[in-house]
Amino acid sequence: MSDSERFIEIYDFDAGAHIRLYSTQLTTTAFLTLSDTTPETTLSARNLMRRFGNRQIVNDVSLELKRGEVLGLLGHNGAGKSTTMQMLTGCLLPDSGTIEICGIDLLHRPLLAKAHIGYLPETPPLYRELSVESYLTFAARLRGMKPAAVAEAVEQATRHCGLESVRKKTIATLSKGYQQRVGIAQAVVHSPDVIVLDEPTVGLDPAQIRDIRHLIRELGNKSSVILSTHLLGEVESVCDSVQIMQHGKLIYGDTTSALMSYGGEPGKLEENFIRITEPHV
Ligand SMILES: Nc1ncnc2c1ncn2[C@@H]1O[C@H](COP(=O)(O)OP(=O)(O)OP(=O)(O)O)[C@@H](O)[C@H]1O
(Lines give C-alpha, C1' and ligand atoms only; values in the text may rest on other atoms or scores of the structure.)
Protein backbone atom coordinates (compact mmCIF):
# COMPACT_ATOMS: atom_id res chain seq x y z
CA MET A 1 0.00 0.00 0.00
CA SER A 2 1.42 3.35 -0.97
CA ASP A 3 1.62 6.22 1.48
CA SER A 4 -1.15 8.08 -0.28
CA GLU A 5 -3.48 5.10 0.21
CA ARG A 6 -2.99 4.82 3.98
CA PHE A 7 -5.83 6.26 6.00
CA ILE A 8 -7.46 6.12 9.39
CA GLU A 9 -11.17 6.09 9.84
CA ILE A 10 -12.64 8.08 12.70
CA TYR A 11 -16.16 8.77 13.84
CA ASP A 12 -17.07 12.43 13.60
CA PHE A 13 -19.69 12.97 16.33
CA ASP A 14 -20.72 16.34 14.93
CA ALA A 15 -21.24 14.99 11.43
CA GLY A 16 -22.70 11.73 12.77
CA ALA A 17 -20.63 9.72 10.30
CA HIS A 18 -17.31 7.98 9.80
CA ILE A 19 -14.72 10.03 7.94
CA ARG A 20 -11.44 8.97 6.39
CA LEU A 21 -8.27 10.91 6.95
CA TYR A 22 -5.51 9.99 4.51
CA SER A 23 -1.94 9.93 5.77
CA THR A 24 -0.97 12.57 3.22
CA GLN A 25 -3.36 14.93 5.00
CA LEU A 26 -1.74 14.38 8.38
CA THR A 27 1.49 15.15 10.17
CA THR A 28 3.01 12.18 12.03
CA THR A 29 1.89 13.67 15.33
CA ALA A 30 -1.64 14.13 14.11
CA PHE A 31 -1.65 10.58 12.80
CA LEU A 32 -0.52 9.19 16.15
CA THR A 33 -2.96 11.36 18.09
CA LEU A 34 -5.85 10.39 15.87
CA SER A 35 -4.88 6.73 16.18
CA ASP A 36 -5.72 7.12 19.88
CA THR A 37 -9.27 8.31 19.24
CA THR A 38 -11.77 5.98 20.81
CA PRO A 39 -13.59 3.78 18.31
CA GLU A 40 -17.33 3.97 18.14
CA THR A 41 -17.77 0.35 19.11
CA THR A 42 -16.69 0.16 22.74
CA LEU A 43 -17.45 -3.48 23.44
CA SER A 44 -17.54 -6.42 21.11
CA ALA A 45 -18.08 -9.94 22.43
CA ARG A 46 -18.14 -12.93 20.11
CA ASN A 47 -19.38 -16.46 20.72
CA LEU A 48 -18.92 -16.54 24.48
CA MET A 49 -19.29 -19.95 26.07
CA ARG A 50 -19.09 -20.84 29.74
CA ARG A 51 -19.86 -24.03 31.66
CA PHE A 52 -20.08 -24.66 35.37
CA GLY A 53 -19.57 -28.36 35.93
CA ASN A 54 -21.55 -30.10 33.23
CA ARG A 55 -24.06 -27.23 32.81
CA GLN A 56 -23.73 -24.88 29.86
CA ILE A 57 -24.50 -21.55 31.56
CA VAL A 58 -23.62 -19.16 28.70
CA ASN A 59 -24.10 -20.49 25.21
CA ASP A 60 -22.73 -18.72 22.15
CA VAL A 61 -23.39 -15.15 23.28
CA SER A 62 -22.32 -12.33 20.97
CA LEU A 63 -23.06 -8.69 21.56
CA GLU A 64 -21.85 -5.27 20.62
CA LEU A 65 -22.11 -1.93 22.36
CA LYS A 66 -21.76 1.51 20.80
CA ARG A 67 -20.64 4.69 22.46
CA GLY A 68 -23.66 6.54 23.80
CA GLU A 69 -25.75 3.37 24.02
CA VAL A 70 -27.48 2.03 27.12
CA LEU A 71 -28.23 -1.67 26.66
CA GLY A 72 -30.54 -3.58 28.97
CA LEU A 73 -29.80 -7.27 29.51
CA LEU A 74 -33.03 -9.02 30.48
CA GLY A 75 -33.96 -12.54 31.39
CA HIS A 76 -35.48 -14.69 34.10
CA ASN A 77 -33.56 -15.67 37.24
CA GLY A 78 -30.67 -17.95 36.35
CA ALA A 79 -30.68 -17.03 32.63
CA GLY A 80 -26.95 -16.29 32.74
CA LYS A 81 -26.91 -12.47 32.86
CA SER A 82 -24.48 -12.07 35.77
CA THR A 83 -22.19 -14.77 34.40
CA THR A 84 -22.11 -12.95 31.06
CA MET A 85 -21.34 -9.64 32.78
CA GLN A 86 -18.56 -11.23 34.78
CA MET A 87 -16.97 -12.37 31.53
CA LEU A 88 -17.46 -8.98 29.83
CA THR A 89 -15.59 -7.32 32.70
CA GLY A 90 -12.71 -9.80 32.81
CA CYS A 91 -13.74 -11.20 36.21
CA LEU A 92 -14.49 -14.65 34.81
CA LEU A 93 -12.76 -16.41 31.94
CA PRO A 94 -14.96 -17.72 29.15
CA ASP A 95 -14.32 -21.30 28.04
CA SER A 96 -14.18 -19.88 24.52
CA GLY A 97 -15.03 -16.72 22.62
CA THR A 98 -13.48 -13.28 22.33
CA ILE A 99 -14.06 -9.92 23.99
CA GLU A 100 -12.71 -6.59 22.80
CA ILE A 101 -12.99 -3.40 24.82
CA CYS A 102 -12.33 -0.31 22.70
CA GLY A 103 -10.51 -2.58 20.28
CA ILE A 104 -8.30 -4.13 23.00
CA ASP A 105 -8.42 -7.90 23.47
CA LEU A 106 -9.63 -8.38 27.06
CA LEU A 107 -8.33 -11.91 27.35
CA HIS A 108 -4.84 -11.18 26.04
CA ARG A 109 -4.34 -7.65 27.39
CA PRO A 110 -6.51 -7.63 30.50
CA LEU A 111 -4.88 -4.74 32.37
CA LEU A 112 -5.06 -2.41 29.41
CA ALA A 113 -8.62 -3.40 28.51
CA LYS A 114 -9.88 -3.25 32.10
CA ALA A 115 -8.76 0.37 32.41
CA HIS A 116 -11.68 1.13 30.05
CA ILE A 117 -14.25 -0.80 32.11
CA GLY A 118 -16.27 0.17 35.17
CA TYR A 119 -18.20 -2.62 36.89
CA LEU A 120 -20.84 -2.72 39.56
CA PRO A 121 -21.35 -6.39 40.45
CA GLU A 122 -24.58 -7.67 42.04
CA THR A 123 -23.01 -7.08 45.47
CA PRO A 124 -21.05 -3.79 45.44
CA PRO A 125 -17.38 -4.39 46.31
CA LEU A 126 -17.22 -1.91 49.20
CA TYR A 127 -14.67 -1.56 51.98
CA ARG A 128 -17.21 -0.72 54.63
CA GLU A 129 -14.71 0.54 57.18
CA LEU A 130 -13.40 3.28 54.84
CA SER A 131 -14.94 6.70 54.33
CA VAL A 132 -16.60 7.31 50.95
CA GLU A 133 -13.77 9.64 49.92
CA SER A 134 -10.97 7.26 50.96
CA TYR A 135 -12.65 4.36 49.22
CA LEU A 136 -13.13 6.24 45.95
CA THR A 137 -9.52 7.44 46.11
CA PHE A 138 -8.44 3.84 46.57
CA ALA A 139 -10.66 2.71 43.69
CA ALA A 140 -9.22 5.38 41.38
CA ARG A 141 -5.63 4.38 42.23
CA LEU A 142 -6.52 0.74 41.73
CA ARG A 143 -7.68 1.60 38.20
CA GLY A 144 -4.20 2.95 37.50
CA MET A 145 -5.10 6.63 37.55
CA LYS A 146 -2.17 9.01 37.90
CA PRO A 147 -1.99 10.41 41.47
CA ALA A 148 -2.33 13.99 40.19
CA ALA A 149 -5.65 13.19 38.51
CA VAL A 150 -7.19 11.26 41.39
CA ALA A 151 -8.51 14.12 43.56
CA GLU A 152 -10.42 15.70 40.65
CA ALA A 153 -11.80 12.30 39.56
CA VAL A 154 -13.02 11.54 43.09
CA GLU A 155 -14.58 14.98 43.31
CA GLN A 156 -16.40 14.47 40.02
CA ALA A 157 -17.68 10.97 40.87
CA THR A 158 -18.83 12.21 44.29
CA ARG A 159 -20.78 15.04 42.70
CA HIS A 160 -22.10 12.93 39.86
CA CYS A 161 -23.46 10.25 42.20
CA GLY A 162 -24.92 12.68 44.73
CA LEU A 163 -22.53 11.73 47.51
CA GLU A 164 -21.35 15.21 48.60
CA SER A 165 -23.20 15.12 51.92
CA VAL A 166 -21.74 11.74 52.95
CA ARG A 167 -18.21 11.98 51.53
CA LYS A 168 -16.54 11.88 54.98
CA LYS A 169 -18.83 9.19 56.39
CA THR A 170 -17.83 5.58 56.93
CA ILE A 171 -19.49 3.41 54.27
CA ALA A 172 -20.85 0.94 56.88
CA THR A 173 -22.99 3.72 58.37
CA LEU A 174 -24.72 4.58 55.06
CA SER A 175 -28.17 3.43 53.97
CA LYS A 176 -28.40 0.76 51.27
CA GLY A 177 -29.26 3.37 48.65
CA TYR A 178 -26.20 5.43 49.44
CA GLN A 179 -24.02 2.31 49.50
CA GLN A 180 -25.35 1.51 46.03
CA ARG A 181 -24.40 5.02 44.90
CA VAL A 182 -20.89 4.45 46.24
CA GLY A 183 -20.83 1.20 44.27
CA ILE A 184 -21.70 3.10 41.10
CA ALA A 185 -19.20 5.86 41.93
CA GLN A 186 -16.36 3.33 42.16
CA ALA A 187 -17.43 1.98 38.77
CA VAL A 188 -17.25 5.39 37.07
CA VAL A 189 -14.48 7.20 38.97
CA HIS A 190 -11.93 6.58 36.19
CA SER A 191 -14.34 7.72 33.42
CA PRO A 192 -14.48 4.31 31.72
CA ASP A 193 -15.74 3.86 28.18
CA VAL A 194 -17.79 0.80 29.14
CA ILE A 195 -19.89 0.68 32.30
CA VAL A 196 -21.38 -2.64 33.38
CA LEU A 197 -24.07 -2.50 36.05
CA ASP A 198 -25.58 -5.67 37.49
CA GLU A 199 -29.06 -4.80 38.80
CA PRO A 200 -28.07 -1.23 39.75
CA THR A 201 -31.36 -0.21 41.38
CA VAL A 202 -32.18 -3.37 43.29
CA GLY A 203 -33.39 -2.63 46.84
CA LEU A 204 -33.59 1.14 46.40
CA ASP A 205 -36.55 3.36 47.29
CA PRO A 206 -38.49 5.09 44.48
CA ALA A 207 -36.66 8.43 44.83
CA GLN A 208 -33.28 6.71 44.78
CA ILE A 209 -34.35 4.62 41.78
CA ARG A 210 -35.30 7.83 39.94
CA ASP A 211 -31.91 9.41 40.78
CA ILE A 212 -29.89 6.36 39.77
CA ARG A 213 -31.79 6.03 36.49
CA HIS A 214 -31.14 9.67 35.77
CA LEU A 215 -27.46 9.09 36.50
CA ILE A 216 -27.33 6.03 34.22
CA ARG A 217 -28.88 8.02 31.40
CA GLU A 218 -26.25 10.71 31.89
CA LEU A 219 -23.43 8.15 31.93
CA GLY A 220 -24.83 6.67 28.76
CA ASN A 221 -24.44 9.95 26.92
CA LYS A 222 -20.65 9.78 27.06
CA SER A 223 -19.85 6.12 27.59
CA SER A 224 -21.62 2.85 26.87
CA VAL A 225 -23.64 1.20 29.58
CA ILE A 226 -24.84 -2.37 29.86
CA LEU A 227 -27.15 -3.10 32.74
CA SER A 228 -29.10 -6.12 33.88
CA THR A 229 -32.50 -5.66 35.42
CA HIS A 230 -35.81 -7.35 36.12
CA LEU A 231 -37.58 -4.01 36.14
CA LEU A 232 -39.11 -3.41 32.74
CA GLY A 233 -39.92 0.18 33.68
CA GLU A 234 -36.18 0.66 34.04
CA VAL A 235 -35.66 -0.59 30.52
CA GLU A 236 -38.28 1.78 29.22
CA SER A 237 -36.83 4.80 30.98
CA VAL A 238 -33.09 4.31 30.42
CA CYS A 239 -32.29 1.71 27.77
CA ASP A 240 -31.85 2.39 24.05
CA SER A 241 -31.73 -1.29 23.24
CA VAL A 242 -32.36 -4.66 24.84
CA GLN A 243 -31.08 -8.20 24.70
CA ILE A 244 -33.14 -10.99 26.23
CA MET A 245 -31.34 -14.02 27.57
CA GLN A 246 -32.82 -17.42 28.23
CA HIS A 247 -31.03 -20.61 29.32
CA GLY A 248 -27.69 -19.00 28.51
CA LYS A 249 -28.62 -17.85 24.98
CA LEU A 250 -29.59 -14.49 23.60
CA ILE A 251 -33.03 -15.05 22.15
CA TYR A 252 -34.03 -11.48 21.23
CA GLY A 253 -32.18 -8.25 20.55
CA ASP A 254 -33.56 -4.95 19.28
CA THR A 255 -34.26 -1.37 20.25
CA THR A 256 -36.41 -0.74 23.31
CA SER A 257 -39.09 0.82 21.14
CA ALA A 258 -39.14 -2.29 18.91
CA LEU A 259 -39.63 -4.49 21.98
CA MET A 260 -42.40 -2.20 23.13
CA SER A 261 -44.29 -2.70 19.89
CA TYR A 262 -43.31 -6.37 19.41
CA GLY A 263 -46.10 -8.35 17.76
CA GLY A 264 -48.19 -5.25 17.23
CA GLU A 265 -48.79 -4.60 20.93
CA PRO A 266 -47.54 -1.03 21.31
CA GLY A 267 -46.34 0.00 24.74
CA LYS A 268 -46.85 -3.39 26.38
CA LEU A 269 -43.30 -4.12 27.44
CA GLU A 270 -44.15 -6.64 30.14
CA GLU A 271 -46.56 -8.65 27.98
CA ASN A 272 -44.16 -8.60 25.06
CA PHE A 273 -41.29 -9.77 27.24
CA ILE A 274 -43.41 -12.69 28.46
CA ARG A 275 -44.53 -13.52 24.89
CA ILE A 276 -40.89 -13.78 23.84
CA THR A 277 -39.68 -15.77 26.84
CA GLU A 278 -42.78 -17.98 27.20
CA PRO A 279 -44.13 -18.31 23.64
CA HIS A 280 -46.20 -21.44 24.39
CA VAL A 281 -48.08 -20.00 27.39
N1 LIG B 1 -19.78 -20.12 40.34
C2 LIG B 1 -20.79 -20.86 39.95
N3 LIG B 1 -20.76 -22.21 40.06
C4 LIG B 1 -21.78 -22.99 39.64
N5 LIG B 1 -22.91 -22.50 39.08
C6 LIG B 1 -23.01 -21.17 38.96
C7 LIG B 1 -21.97 -20.28 39.38
N8 LIG B 1 -22.36 -18.99 39.11
C9 LIG B 1 -23.57 -19.08 38.56
N10 LIG B 1 -23.96 -20.38 38.47
C11 LIG B 1 -25.24 -20.85 37.90
O12 LIG B 1 -25.35 -20.30 36.60
C13 LIG B 1 -26.72 -20.00 36.32
C14 LIG B 1 -26.82 -18.58 35.83
O15 LIG B 1 -26.53 -17.70 36.92
P16 LIG B 1 -26.47 -16.12 36.74
O17 LIG B 1 -26.20 -15.55 38.09
O18 LIG B 1 -25.55 -15.80 35.64
O19 LIG B 1 -27.96 -15.81 36.28
P20 LIG B 1 -28.74 -14.42 36.24
O21 LIG B 1 -29.41 -14.38 34.92
O22 LIG B 1 -27.82 -13.31 36.58
O23 LIG B 1 -29.81 -14.64 37.39
P24 LIG B 1 -30.48 -13.57 38.41
O25 LIG B 1 -31.44 -12.77 37.58
O26 LIG B 1 -31.19 -14.46 39.38
O27 LIG B 1 -29.40 -12.76 39.03
C28 LIG B 1 -27.49 -20.29 37.60
O29 LIG B 1 -28.13 -21.52 37.48
C30 LIG B 1 -26.44 -20.33 38.67
O31 LIG B 1 -26.80 -21.20 39.71
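Keep in mind that this is a model prediction, so the values were computed, not measured.

(A) Focus on helix H6 (residues 176-188). For H6, with 13 residues, the first-to-last C-alpha span of 19 Å sits near the 18 Å given by 1.5 Å per residue. Buried residues dominate H6, accounting for 10 of its 13 residues. Those residues of H6 not exposed but buried are Tyr178, Gln180, Arg181, Val182, Gly183, Ile184, Ala185, Gln186, Ala187 and Val188. Buried-residue contacts for H6 involve strand E8 (117-120), helix H4 (132-142), helix H5 (147-160), strand E9 (194-198) and helix H7 (206-222).

(B) Main features of the pairing of strand E3 (residues 41-52). Examined bridge by bridge, E3 and strand E4 (residues 55-66) share nine bridges and lie antiparallel to one another. By the bridge assignment, Phe52 is partnered in E4 with Arg55. With antiparallel pairing between neighbouring strands as the criterion, E3 and E4 make up a hairpin whose turn holds two residues, including Gly53 at a positive phi of roughly 60°. Across five bridges, the pairing between E3 and strand E6 (residues 96-101) is antiparallel. Looking across to E6, one finds that Leu43 is bridged to Ile101.

(C) Broad picture of the sheet that holds strand E7 (residues 104-105). Strands sit in the order E4-E3-E6-E7 across an open sheet of four strands; the sheet is antiparallel. On the outer flanks of this sheet lie E4 and E7, each paired with one strand and no other. Along the sheet, helix H2 (residues 81-88) contacts E3, E4 and E6; its crossing angle with E3, the most-contacted strand, is approximately 125°.

Thresholds, definitions, all that
Residues numbered from 1 in each chain as written. Predicted model: local features only at pLDDT ≥ 70, side-chain atom pairs only at ≥ 80, totals over all residues. Helix = DSSP H or I, 4+ residues; strand = E, 2+ residues; numbered from the N terminus. Expected span 1.5 Å × (residues − 1). Buried ≥ 20, exposed ≤ 12 C-beta atoms within 10 Å, placed from the backbone. Contact = placed C-beta atoms within 7 Å. Pairing = 2+ DSSP bridges. Axes fitted to C-alpha atoms, helices over the stretch in contact; angles between N-to-C directions.

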